[in-house]
Amino acid sequence: MPNANEDTPTALSQVQRRAVSELLRVSPVADDLARRFREAGFSLALVGGSVRDALLGRLGNDLDFTTDARPEDVLKIVRPWADAVWEVGIAFGTVGSQKEARVGDVVQSFQIEVTTYRSEAYDRTSRKPEVSYGDSIDEDLVRRDFTVNAMAVALPEKEFIDPYGGLEDLAARVLRTPGTPEESFSDDPLRMMRAARFAAQLDFEVAPEVVTAMKEMSGRIEIVSAERVRDELNKLLLSAHPRKGLGLLVDTGLADHVLPELPALRLESDEHHRHKDVYEHSLTVLDQAIDLEEDGPDLVLRLAALLHDIGKPRTRRFEKDGRVSFHHHEVVGAKMTKKRMTALKYSNEMIKDVSRLVELHLRFHGYGTGEWTDSAVRRYVRDAGPMLSRLHKLTRSDCTTRNKRKAGALSRAYDGLEDRIAQLQEQEELDAIRPDLDGNQIQEILSIGPGPAIGQAYKFLLELRLENGPMEHDEAVAALKEWWAAQG
């Protein structure tokens, strides 16, 4: 590893000290594996994100290595050593494994990937990279996306390899490419999204020449598969500073290709004219939703916060009194959310959850400022279902007014709603509201067999339950018979 000296900037010295500490921690695994590669006649180096994170003092137990050994040789070395081995990425030269090792007094589990030196590039029509193997680590590092990811530590001797100035860029907290940005992004256009993602994750600045290339080449992202785009977007959204990455996607034009509904919001002012535009409002809602998270980053909540107002551009109306309205933008937005997430190949469950939150984000305001009836509370809980906790957070986050009196009133009103929900949940099973009679009882009481009438009766009893709360059995039977008689 490089040694700090009197002429080295303080930031660089701190970076180096962190790296030594982190590498010593993983030495029981890394050095053991490196010795096995050396005995087999090959070299091994910690590389890329693992070196970057070691220098930042945030190295986890996921370790990336590079080697001159071909995948079949890697398998021969790793199989007898690892606790588990997988070959999912072997077509791209990567062998994965899992190894438990004692670090100090604790046994830890390490996820390890070993990738053969390689170079990869897209042709103009392909959605998948073409992989060819290389013979030197310098050749491998130059193909990496950014200089801060183009550093390596040769093992077990711990020789620091940094041919492209990654250490200085790391200390300066800037993202540059090893070669020209144009060459890097031509090799893999997804790297443009990775620039935005790393800016969001690491809170780094993107070098001006890299931003320029992103703007000029944004259309190249079209050849990348939806799945790879989605995965990068998810990592960006789950980062510590998603607003920074999203802003870069919008400013460079990348969002026009991968999430066009987002830049479209810049054209609209919200109905209260309290915000610069709906785009800024949406980013603020995302920030506020993140502040309300309780158990770590929540992708469903963050997506819903970002997309909750995407229906506004399509529903904007200029009223005669000069106001701007966006009637039913939540319904339109839910449909747009479903369409965009489907295009990005999200799971059906996640699409359903996010679009449901978008659809319900105005429901609280629809009840006005008066006292909530028990019936309204039951319907609110029923409609939210398992999304209730997230809906609470989204609704609270959607208040971005600078009017402290108004913001306080909205917060107190929602406090009141949550109190009402808690009170009713103690009295009733709000989380699983069902009619007081089930399908079998309905058939028996009405002396009818299975058919549409059973569903209609069930729906009637459910509405009755929502409106009036739990009923005694005899009361429910009488109501059902009365309804049935009215059906003719």
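Note that the structure is predicted; figures quoted are calculated from it, not measured.

A. Looking closely at the side chain of S239. Tracing the backbone through its elements, the reader meets S239 in the loop between α9 (226–237) and α10 (242–252). Every residue in contact with S239, bar those within four places of it in the chain, is listed here: A200, Q201 and R302.

B. The sheet that holds strand β3 (residues 84–86), seen in detail. On the basis of which strands lie adjacent, the open sheet formed by 7 strands has the order β3-β4-β5-β2-β1-β8-β9 and mixed pairing. For this open sheet the edge positions go to β3 and β9 (159–161), each flanked by a neighbour on one side alone. The mean inter-strand angle of the sheet, taken between neighbouring strand axes irrespective of direction, is 30°. Bridging between strand β8 (residues 152–155) and β9 involves 3 bridges; their strand directions are antiparallel. If you follow V153 over to β9, its bridge partner there is F160. On top of the sheet, helix α2 (residues 49–56) reaches β1 (44–47), β2 (62–67), β8 and β9; it is set at about 60° to β1, its chief contact. Against the sheet, helix α3 (residues 71–78) makes contact with β2, β3, β4 (94–103) and β5 (106–116), and its axis sits at roughly 25° relative to β4, the strand it touches most.

C. Inspection of the pattern of salt bridges at higher detail. Enumeration according to the criterion identifies 31 salt bridges in this entry. Put simply, R390 and D298 hold a salt bridge, and the shortest N to O gap is 2.8 Å. Of the two residues, R390 is situated in helix α19 (residues 388–397) and D298 in the loop between α13 (278–292) and α14 (299–307); the sequence distance between them amounts to 92 residues. By relative accessible area, which is 23% here, R390 ends up partly exposed. Classification of D298 as buried rests on a relative accessible area of 16%. As a salt-bridge pair, R382 and D383 come within 2.8 Å of each other at their nearest N and O atoms. Residue R382 is classed as partly exposed on the basis of its relative accessible area, which comes to 32%.

So, how was this worked out
Residues numbered from 1 in each chain as written. Predicted model: local features only at pLDDT ≥ 70, side-chain atom pairs only at ≥ 80, totals over all residues. Heavy atoms only, no water. Helix = DSSP H or I, 4+ residues; strand = E, 2+ residues; numbered from the N terminus. Contact = heavy atoms within 4.5 Å. Pairing = 2+ DSSP bridges. Axes fitted to C-alpha atoms, helices over the stretch in contact; angles between N-to-C directions. Salt bridge = Lys/Arg side-chain N within 4 Å of Asp/Glu carboxyl O. Buried < 20%, exposed > 50% of the residue type's maximum accessible area, 1.4 Å probe, protein only.

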